[in-house]
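Chain residues, written in single-letter form:
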Number of protein chains: 2
Amino acid sequence: MQNMTPIQRLSRTFRQNSSLAKMLIVFTVGGGGLVACSDAKSDDGINIVNPSEVDDKNKKKRVVVLGTGWAGTSFLKNLKDPSYDVQVISPRNFFAFTPLLPSVTVGTVEARSIVEPIRNIVRKKNLNVHYWEAECYRIDAKNKKVYCQSNLAGDPNQIEEIVVDYDYLVVSVGARSNTFNIPGVAENCHFLKEIEDAQKIRRKIVDCFERASLPNLSDEERKKILHFVVVGGGPTGVEFAAELHDYVTEDLVKLYPMVKDAVKITLLEATDHILNMFDKRITAFAEEKFQRDGIDLKTGAMVVKVTDTEISTKQVKNGGEISNMPYGMIVWSTGIGTRPVIMEFMKQVGQGNRRVLATDEWLRVEGTGDIYALGDCATINQRKVMEDIWAIFQKADKDNSKTLTVKEFQETLKDICERYPQVELYLKNKQLSSLIDLLKDSKGDSSKESVEVNLEEFKAALSQVDSQMKNLPATAQVAAQQGSYLADCFNRMEYCEENPEGPLRFRGEGRHRFRPFRYKHLGQFAPLGGEQTAAQLPGDWVSIGHSTQWLWYSVYASKLVSWRTRALVISDWGRRFIFGRDSSGI
Amino acid sequence: MQNMTPIQRLSRTFRQNSSLAKMLIVFTVGGGGLVACSDAKSDDGINIVNPSEVDDKNKKKRVVVLGTGWAGTSFLKNLKDPSYDVQVISPRNFFAFTPLLPSVTVGTVEARSIVEPIRNIVRKKNLNVHYWEAECYRIDAKNKKVYCQSNLAGDPNQIEEIVVDYDYLVVSVGARSNTFNIPGVAENCHFLKEIEDAQKIRRKIVDCFERASLPNLSDEERKKILHFVVVGGGPTGVEFAAELHDYVTEDLVKLYPMVKDAVKITLLEATDHILNMFDKRITAFAEEKFQRDGIDLKTGAMVVKVTDTEISTKQVKNGGEISNMPYGMIVWSTGIGTRPVIMEFMKQVGQGNRRVLATDEWLRVEGTGDIYALGDCATINQRKVMEDIWAIFQKADKDNSKTLTVKEFQETLKDICERYPQVELYLKNKQLSSLIDLLKDSKGDSSKESVEVNLEEFKAALSQVDSQMKNLPATAQVAAQQGSYLADCFNRMEYCEENPEGPLRFRGEGRHRFRPFRYKHLGQFAPLGGEQTAAQLPGDWVSIGHSTQWLWYSVYASKLVSWRTRALVISDWGRRFIFGRDSSGI
């Protein structure tokens, strides 16, 4: 390589000395007082090895990770134990910060600003990590193999087949958009799960405006073309509708003044309210704001059919009236379904009759010993207290007296709460039953501590506990926490084998190696457009308005995966603020 | 609309007060001392009218502009006379700053940073301008109509037909990539003319690296996949090869260290040297630099066939040996060809036997009265002196003596030079012939001024003049100057009808309305990678190296179409400098 020029040297200095680069960004970007805290890693320790080495017999345990979404990436970022040989397989060679996808659909943020190459993420780690851009189409749990295909040549005759052996498999392939088999949805609707989806939607919006601006169209045709329908009143659908409304009113009306009166945005929701996983105050605020903004909110409307020109809905109540609306574009954001590869895998492991892949509380797929599943592709099948009530009673009844003293119960309570988190939740949230009352009041009072209950009384006291169980939502937050939890388990696998730190095994001997996964809800945002956001924070704290928008900016900026994406997203926001959003059809 | 919040108000203030925004950018971007001079226009005077008004009978002359490339956009930007009704038709609703396309292929600059919506450009003008996103497929010169199609619904059943009448037609549709009908080129090569081409190339480069990183490949296969072939040693091909080399050595080797030794870049050129329109010093420097960089430069190699796995070349000299090379990607950048719509149009106007659409020196299509063609889709057919020699002689021979005194010739010389620029060029560049010598020496010397020549002597004296004629290169610079020249003619159409300012009509009566178009060469850059650029500036001034790269940065930043694109491109450069280029496969 030739001698470096001063400019090359300066550039290299910047890239190698990350703190210098960071300082420069902090000075350059100046994105409105945002405090973007650092979690960047140092740059050394490039350890990607030659794929041929993989074939070498080595004694390292082979961990295969499927998918580079929130769960898979979080696992990789938190894995520290260098004694694994890690192979990552995903059709996308990047991680995408999906909470900003609705912003990408209208160009508030650029697609490339929210992605980070997975190779960039893993090369900063002192680990053996190989990445292969391929899609897993079959998991063979019996022979511990995954079968993948890679079509990078873009030619059906040049598809590469890859078969990989594993010792541990981490399945984090995410989910697909759910069309509920409603006719015409797959063919005519846009989805909003992948980066490509957002890019297509952006192009389509501009196409609709250009098309409506063509001469010789009737007013009716113009209105049809500029009728944007959003199906699904969850956070994604609501945020997209809000972003679209901002794009239209802030930017597009200036460039297409002649068609601005023809624009209409309709939001369809099958239940009675939008954002129904949020506090009622947020729902009410959002519905009111949408009404003021002129977004046509149709609740209780279920989509029954979509053709290339019309969408048909049926009123859930009031006689089920069916109505047809012509549309220009539909964005479908109603929920998630299981990917085919997971469906096939579920049959193999005896879960063929379930809708979603089930794991135990340690994220291990039920029916397997070395396959973990996390993120949107699986749910945790929390064990019911009632199923184990006899085993619990026996474990707690240390003197085998067939009755349980409060003291005995108290000694086991920590393990019970850890193993069955619904018990803890029940203690916190609900009217305490007599037994629990007793437990609380009896502490230190030896007369009360000797009160005894038999199995039937114990069962009766805990009979309502399982009603506390809820599936975790399919959010980035859950997936990320699961990824980091599992990485932590892998990091301490050997140590915890010797020194188990989990709760008592009520149905077996000894203790579980690890504590079960526990989700810690950090709150959720619902951006509503017009620089207003609603947030539901832990402790049922609700915050709505402009200040929440700034909180949203700060949190999202700090959560972005790298300093690069952070700088890009913040500069995108700044650019939108100054120049507005671009409407070039690219 | 609801009351604006302080943030919305601030944002609006920024966007309406452009100088405030500009100041902020100058402070924010701080792109290394770049002086980006302003040519922004004020924001008021939004005059896009409802398309239905177009159908109204109004007395405004209808000008139809086809295409929104350099020529068309430059025409629109410089048109000032509000007495026209302008309709712009183009399949691309944006203007792209094409000189930065090679940078887009590797992500040094983002695609969206170099485009500006055409509606944004025209809405700032005090003109009636309508834009329609459609592609012209037929020009009917006889009935003064253009036929266009728009497929914005993306559905072959929903194509919109648009027929537009014109009084003046400005054809600036550009050219297509020329495959020279070499088999397999159209199917297997990437081109580099449009934004979409650059985006596809970027994706393909990353795909090649991912594919070569897959396990179970032989070294030979890896080398094939990572063999990048660039065909064409013109400025675009050379710049792309240089950008690709920088991308590989500066960014990709870090993420794909295991395949870096398999990468090879080959540049094929049919003539003996690359960059042969440049000074020899530049060619030599570029060839040497490429050799040092390890780019395999094959000159004198003509491509004869491309299959999906191999490219076949034939040596132009030395017996015409044919060799086959396996490849991973080919970028084809050899020259331009005529678009089908122009071919068909040429037949209509009696130019069916030509290769390229010909215009006169006023950019009017030969064989028509009201159709102008500019940019890459046409060439100026400069009238030969020898064709008009008798007419010139007659006009100059004011006393009809059948002989020309030097005094008479001198009086006509200005008109001759204006009408036949080759004469002026000849006077400047070549050894002066006896007549011209005489002309120069005779000034003010009445004895010499009365020297006479007859037609034969006059013809002999001017016989070599036409050898000076050259077609203008198909560059952005030529197209932009033609657009602004034509707009200037349109701006003064009425005035110049009354007060013609052009040269004498040698074959007719009176004077031409306008001076003919004259191209002013402002120099040309050839970026060579590694922060080095070569430039050939007017007066044969040659500059090569790092300082020229900074000149390139400055000139390109200042030439960008808007303050928005300027800020974006400069921040892209800054970002590349700090973070390197992104390699996500999106």
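Shown above is the structure to which this text applies.
Keep in mind that this is a model prediction, so the values were computed, not measured.

Novice: So what's going on with helix H4 (residues 70-78) of chain B? Residues and values would help.
Specialist: Residue and element names in this part refer to chain B. Taking burial as the measure, the nine residues of H4 include seven buried ones, the bulk of the element. Looking at H4, one finds that the buried residues are Trp70, Ala71, Gly72, Thr73, Ser74, Phe75 and Leu76. Looking at the buried residues of H4, the elements they touch are strand S1 (61-66), strand S2 (84-90), strand S3 (94-96), helix H6 (118-122), strand S9 (168-171) and helix H19 (476-491).

Novice: I'd like to hear about the packing of aromatic side chains, residue by residue, with values.
Specialist: Overall, the coordinates contain 44 aromatic pairs over all chains when judged by the stated rule. Summarising the aromatic geometry, the rings of Phe209(B) and Phe228(B) are spaced 6.1 Å apart at their centres and angled 20° between planes, so their arrangement reads as stacked. Note that Phe209(B) is positioned in helix H8 (residues 195-212) and Phe228(B) in strand S12 (residues 227-231), a separation of 19 residues in sequence. In this structure Phe228(B) comes out as buried when scored by relative accessible area, which is 1%. Classification of Phe209(B) as buried rests on a relative accessible area of 1%. Members of the aromatic cluster, each reached through a chain of ring pairs, are Trp70(A), Phe95(A), Phe97(A), Phe525(A), Trp550(A), Trp552(A), Tyr553(A), Tyr556(A) and Trp573(A). Of note, Arg138(B) hangs over the ring of Tyr147(B), and the distance from its end group to the ring centre comes to 4.6 Å. Its end group placed over the ring of Trp563(B), Arg566(B) keeps NZ or CZ at 4.9 Å from the ring centre.

Novice: Hey, could you go over the side chain of Arg581(B) for me, with residue numbers and the actual values?
Specialist: Residues and elements named next belong to chain B. Within the secondary structure, Arg581 is located in the segment after helix H22 (563-579). Residue Arg581 is classed as buried on the basis of its relative accessible area of 8%. Polar side-chain contacts of Arg581 include one of 3.1 Å to the side chain of Glu250. Among all residues touching Arg581, those that are not within four sequence positions of it are Val106, Gly107, Thr108, Glu243, Asp246, Tyr247, Glu250, Asp251 and Arg576.

Novice: Can you tell me about the environment of Val231(B), naming the residues and giving the values?
Specialist: All names here are of chain B. Along the polypeptide, Val231 turns up in strand S12. When its relative accessible area of 5% is taken as the criterion, Val231 is described as buried. Each C-alpha atom, one on Val231 and one on Gly367, is 37 Å from the other, the two residues being 136 residues apart in sequence. When near neighbours in sequence (up to four residues on either side) are disregarded, Val231 contacts Leu268, Val303, Ile311, Ile330, Val331, Trp332, Ser333 and Thr334.

Novice: Got a sec to walk through the pattern of salt bridges? Specific residues and values, please.
Specialist: According to the stated counting rule, one finds 71 salt bridges over all chains in the structure shown. Between Arg581(A) and Glu250(A) there is a salt bridge; the shortest N-O distance is 3.1 Å. Of this pair, Arg581(A) sits in the segment after helix H22 (563-579) while Glu250(A) is found in helix H10 (residues 235-255), placing the two residues 331 residues apart along the sequence. The burial state of Arg581(A) is the same as that of Glu250(A); both residues are buried. Where Arg492(A) meets Glu501(A), a salt bridge forms, and the shortest distance between an N and an O atom there is 2.8 Å. Judged by relative accessible area, which is 25%, Arg492(A) ranks as partly exposed. Through salt bridges with shared partners, a single ionic network connects Glu110(A), Arg202(A), Asp572(A), Arg575(A), Asp582(A), Arg112(B), Glu116(B) and Arg564(B).

Parameters and conventions
- The numbers attached to residues start from 1 for each chain and follow its sequence in the written order.
- Each chain is given a letter, starting from A, and each ligand a number, starting from 1, according to the order in which they appear as written.
- Side-chain atom pairs in this predicted model are given and counted only at pLDDT of 80 or more, local residue features only at pLDDT of at least 70, and totals for whole chains, interfaces and linings cover all residues.
- As a rule here, side-chain values come from all non-hydrogen atoms in the structure, and water together with hydrogens is ignored.
- Residue exposure (1.4 Å probe, protein chains only): buried if accessible area is under 20% of the type maximum, exposed if over 50%, otherwise partly exposed.
- For the purposes of this entry, the term helix denotes a DSSP run of H or I that reaches at least four residues, the term strand denotes a run of E that reaches at least two, and both are numbered from the N terminus.
- Here, two residues are considered to be in contact whenever any of their heavy atoms come within 4.5 Å of each other.
- The criterion for an aromatic pair is that two Phe, Tyr or Trp rings (for Trp, the six-membered ring) have centres within 6.5 Å, with stacked assigned to planes under 30 degrees apart, edge-to-face to planes over 60 apart and tilted to the rest.
- Counted as over-ring charges are cases with an Arg CZ or a Lys NZ within 6 Å of the ring centre that also lie within 35 degrees of the ring normal.
- Polar contacts here mean pairs of N or O atoms no more than 3.5 Å apart (in protein, one a potential hydrogen donor and the other a potential acceptor; neighbouring residues in sequence count only if both atoms are side-chain atoms).
- In what follows, salt bridge is the name for a side-chain nitrogen of Lys or Arg lying within 4 Å of a carboxyl oxygen of Asp or Glu.

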